[in-house]
Amino acid sequence: LSSTALVLKMLEETRELQTPYGNCTFGILLFQDLAFIPMVMLLPLLAPGSESPASLGVTVWRGFEALA
């Protein structure tokens, strides 16, 4: 399970989700989840013998096509 799902369940059970720190926690967890997608798409560039950085746009485009 995702840590986001676990933490949100805990915050909801204790009715702390609507508190300022609950909202901040949710924002941080959501940001982490969304930041994961581009990092995974760019991971092949770190492999030995990977494509040149000039073809970064093509790599990103292929990643978006795979998501669709």
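Bear in mind the structure is a predicted one, so any value in this text is a computation, not a measurement.

**Student:** How do you make sense of the packing of helix H1 (residues 3-13) against helix H2 (residues 20-42) when you look at a structure like this?
**Tutor:** Any two packed helices are characterised by how steeply their axes cross, that is the angle between the axes, and by the distance between the axes. Between H1 and H2, the least distance of the axes is 10 Å, while the angle of their chain directions is 165°. Viewed along their axes, H1 and H2 adopt a mutual orientation that is roughly antiparallel. Considering how the two elements wind past one another, H1 and H2 form a crossing that is left-handed. Two secondary-structure elements touch here, H1 through Ser3, Thr4, Val7, Leu8 and Leu11 and H2 through Gly22, Thr25, Phe26, Leu29 and Asp33. Here the residues of the contact of H1 with H2 sort into 5 nonpolar, 4 polar and 1 charged.

**Student:** Quick question: what am I supposed to make of H2 here?
**Tutor:** Counting along an α-helix, one turn takes 3.6 residues, and residues three or four places apart therefore face a common direction. Taking 1.5 Å per residue, 23 residues should reach 33 Å; H2 reaches 34 Å between its end C-alpha atoms and fits that length. By the burial criterion, the buried members of H2 are Gly22, Leu29 and Met41.

**Student:** Could you clarify how one ought to interpret a nonpolar patch on the surface in this entry?
**Tutor:** Among the surface-exposed residues, Phe26, Leu30, Leu34, Phe36, Ile37, Met39, Val40, Phe64 and Leu67 lie close enough to one another that they form a single nonpolar patch of about 880 Å² accessible area. Considering every element that reaches the nonpolar patch, the biggest residue donor is H2, with 7 residues. For Ile37, the location among the structural elements is in helix H2. Take Ile37: its relative accessible area is 37%, and that puts it in the partly exposed class.

**Student:** Help me out: how do you make sense of the side chain of Thr4 in this one?
**Tutor:** Position of Thr4 relative to the elements: it lies in helix H1. When near neighbours in sequence (up to four residues on either side) are disregarded, Thr4 contacts Leu29 and Asp33.

**Student:** Got a minute to help me understand the environment of Pro38 in this structure?
**Tutor:** In this structure, Pro38 sits in helix H2. The spacing of Pro38 and Val60 is 22 residues in sequence and 8.2 Å in space, taken between C-alpha atoms.

**Student:** What is the right way to look at the environment of Val60 in this model?
**Tutor:** Structurally, Val60 is set in helix H3 (residues 56-67). Along the primary structure Val60 and Met41 are separated by 19 residues, whereas in three dimensions their C-alpha atoms are 6.4 Å apart. In this structure Val60 touches Met41 and Leu42, once residues within four positions along its chain are discounted.

**Student:** Can you walk me through unusual backbone geometry in this structure?
**Tutor:** Glycine aside, residues mostly have negative phi, and peptide bonds are mostly found in the trans state. One non-glycine residue, Arg15, lies in positive phi territory at about 55°. With respect to the helices and strands, the residue Arg15 is situated in the loop between H1 and H2.

Here is what the cut-offs are and how they apply
Residues numbered from 1 in each chain as written. Predicted model: local features only at pLDDT ≥ 70, side-chain atom pairs only at ≥ 80, totals over all residues. Heavy atoms only, no water. Axes fitted to C-alpha atoms, helices over the stretch in contact; angles between N-to-C directions. Helix = DSSP H or I, 4+ residues; strand = E, 2+ residues; numbered from the N terminus. Parallel < 35°, antiparallel > 145°, perpendicular 65-115°, else oblique. Left-handed = near helix turned anticlockwise from the far one by under 90°. Contact = heavy atoms within 4.5 Å. Nonpolar A, V, L, I, M, F, W, Y, C, P; charged D, E, K, R; others polar. Expected span 1.5 Å × (residues − 1). Buried < 20%, exposed > 50% of the residue type's maximum accessible area, 1.4 Å probe, protein only. Patch = residues over 30% accessible without salt bridge, like charges linked within 9 Å, V, L, I, M, F, W, Y side chains within 5 Å. Areas by Shrake-Rupley, 256 points an atom, 1.4 Å probe, with all protein chains shown as cover. Salt bridge = Lys/Arg side-chain N within 4 Å of Asp/Glu carboxyl O.

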